[in-house]
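Descriptive structure summary
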Amino acid sequence: EQYARKFALKLAGSLDGAVEETGKPIVFCAEKLLPPQITEFTPMLTLSVWFPCDKNFTDLYEDIITLLEKEMPFALPSKYGKEMPPEQVYGDKNAFVEFLKDTPAPIWYTQKPLTHVHINDANRAEAKRTGLRTNRISIRMPDALYEIEEWRFALRRLLKSLTLTVGGFFGQICRGESGVVSWWWQGVPLELGVACTFGEPYYSLIPDCAEKGERIADGVAYFEEPYGPYVPTELVSMPKKKLFGKERRYPDDFTAAANNPIKK
């Protein structure tokens with residue numbers, strides 16, 4: 001304990017933080033690890049994983065929450081509910097898991113400095129727009145977090161673990177807008193992000209996954225920029241010409257890949 005206290009004091013001093021001594025195990029707060037207040041102009045970053053429709057969120061929620069408890073407790077809810085603004089305060093893991101199982105589109109506010117977790121359950125929600133929907137889980141946060149070494153390490157680790165937990169065929173940490181619109185899967189995005197994962201069937205269709213990627217499980221590869229894989233053109237969903245001032249928010253803003261191995 002004396003060593004831990006000495007280490008905490010040294011680390012907090014180097015980060016302009018402070019050590020809080022409560023008589024319990026030492027907790028240190030490093031203020032430089034927290035970004036400034038979020039506004040509508042704050043650049044955002046999203047960690048997302050897409051996985052097949054034959055996997056059900058209901059069967060995965062307990063494993064997902066257990067993973068977040070271990071690797072990213074900031075992603076656990078500060079408040080949650082079925083409508084905006086959410087009114088329920090997180091306190092009991094089992095109660096929250098049961099809530100998720102009974103709620104097709106949960107409102108999930110995270111703890112600072114993260115902002116939201118979004119659940120896109122292709123098996124439990126209706127959509128008027130036609131097209132291939134897949135399951136997706138994503139976590140939103142300020143882009144500035146990725147500039148901090150500790151956060152960058154934690155987010156890369158979480159991307160790998162979350163991909164394995166849900167059986168994802170693609171995952172990414174993306175700064176700015178993604179080439180995949182929500183759950184509408186039209187192919188591998190042209191911009192893979194600052195880090196990405198590929199599972200089957202893409203692992204077998206992209207030679208670089210086995211030849212150059214970091215193998216994190218059988219049939220699952222991980223990449224970081226600038227050492228991303230070459231993705232065959234027929235697997236890529238390309239962005240259409242962007243009109244001045246128009247953001248890409250709809251599937252129609254992207255072409256469908258010539259070869260889309262993901263089936264509903």
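This write-up is about the structure you can find in this document. Throughout this description, residue numbers start from 1 for each chain and increase along the sequence as written. pLDDT decides what is reported in this predicted model: residues at 70 or higher carry local features, side-chain atom pairs at 80 or more are listed and counted, and totals for whole chains, interfaces and linings draw on all residues regardless. To obtain the side-chain values, all non-hydrogen atoms of the structure were used and water was disregarded.

Another aspect to go through is the overall build of the protein. Runs of E in the DSSP output that reach at least two residues are strands. Runs of H or I that reach at least four are helices, and both are numbered from the N terminus. A count of helices and strands for the protein gives six helices and 14 strands. Three labels apply to residues, based on accessible area from a 1.4 Å probe with only protein chains included: buried if under 20% of the type maximum, exposed if over 50%, partly exposed otherwise in between. Taking all 264 residues of the protein together, the buried fraction comes to 45%. Residues count as neighbours in contact if any of their non-hydrogen atoms are within 4.5 Å of one another. Sequence-distant contacts in the protein: of pairs separated by 6 or more residues, those separated by 24 or more amount to 64%. Areas reported as accessible are Shrake-Rupley estimates using a 1.4 Å probe. Residue values count occlusion only from the protein chains shown. Summed over its atoms, the accessible surface of the protein is roughly 14700 Å², and 52% of this surface lies on carbon and sulfur atoms.

Of all eight residues that make up strand E8 (residues 135-142), seven are buried, and the element is covered over most of its length. As judged from the five bridges shared by strand E7 (residues 116-120) and E8, these two strands associate in the antiparallel manner. Its bridge partner lying in E8, His118 is registered against Ser138. Strands are treated as partners if at least two bridges between them are detected by DSSP.

Now for the packing of aromatic side chains. Note on aromatic contacts: the rings of Phe and Tyr and the six-membered ring of Trp form a pair at centre separations within 6.5 Å, being stacked when their planes are under 30 degrees apart, edge-to-face when over 60 apart, and tilted otherwise. A complete count under the given rule lists 18 aromatic pairs for this structure. Here Phe96 and Trp108 contribute two aromatic rings whose centre-to-centre distance is 5.0 Å and whose plane-to-plane angle is 85°, an arrangement assigned as edge-to-face. Here Phe96, found in helix H3 (residues 93-101), pairs with Trp108, found in strand E6 (residues 107-110); they are twelve residues apart in sequence, far enough to count as distant. Here Phe96 and Trp108 have matching classes, each one buried. Taken together, the aromatic side chains of Trp50, Phe169, Phe170, Trp185, Phe198, Tyr202 and Phe223 make up a single cluster linked through ring pairs. Placement of a positive charge over a ring is assigned whenever Lys NZ or Arg CZ falls within 6 Å of the ring centre and within 35 degrees of the normal to the ring plane. Here the guanidinium or amino end of Lys160 rests over the ring plane of Tyr222, the centre of that ring lying 4.4 Å away.

At a minimum axis distance of 9 Å, the contact between helix H2 (residues 57-71) and H3 shows a crossing angle of 140°. In terms of their interaxial angle, H2 and H3 are classed as oblique. As for how H2 packs across H3, the hand of that crossing is right-handed. Between H2, through Thr58, Tyr61, Glu62, Ile65, Thr66 and Glu69, and H3, the contact on the second element is made entirely by Lys93, Phe96, Val97, Leu100 and Lys101. Only Asp, Glu, Lys and Arg are considered charged, only Ala, Val, Leu, Ile, Met, Phe, Trp, Tyr, Cys and Pro nonpolar, and every remaining residue, Gly among them, polar. Split by residue class, the contact of H2 with H3 holds five nonpolar, two polar and four charged. Orientation is described by axes fitted as lines to C-alpha atoms, over the contacting stretch for helices, and by angles from 0 to 180 degrees between their N-to-C directions. Orientation labels follow simple angle bins: below 35 degrees gives roughly parallel, above 145 gives roughly antiparallel, 65 to 115 gives roughly perpendicular, and whatever is left gives oblique. When the near helix sits turned anticlockwise from the far one by under a right angle, the crossing is termed left-handed; a clockwise turn instead gives a right-handed crossing.

Side chains bearing opposite charge may pair, as long as their charged atoms lie close to each other. Each salt bridge in this description consists of a side-chain nitrogen of Lys or Arg and a carboxyl oxygen of Asp or Glu lying within 4 Å of one another. Tallied over the full model, the rule gives eight salt bridges. For Arg175, the salt bridge is made with Glu147, and the minimal N-O distance between the two is 2.6 Å. Taken together, the residues Arg175 in strand E9 (residues 170-175) and Glu147 in the loop between E8 and helix H4 (149-166) connect sequence positions 28 residues apart. In this structure Arg175 comes out as partly exposed when scored by relative accessible area, which is 31%. Of the charged contacts in the structure, one is a salt bridge between Arg215 and Asp218, with a shortest N-O distance of 2.0 Å. Since its relative accessible area comes to 55%, Arg215 is described here as exposed. With a relative accessible area of 64%, Asp218 lands in the exposed category. Put simply, Asp143, Glu147 and Arg175 are held in one network by salt bridges that share partners.

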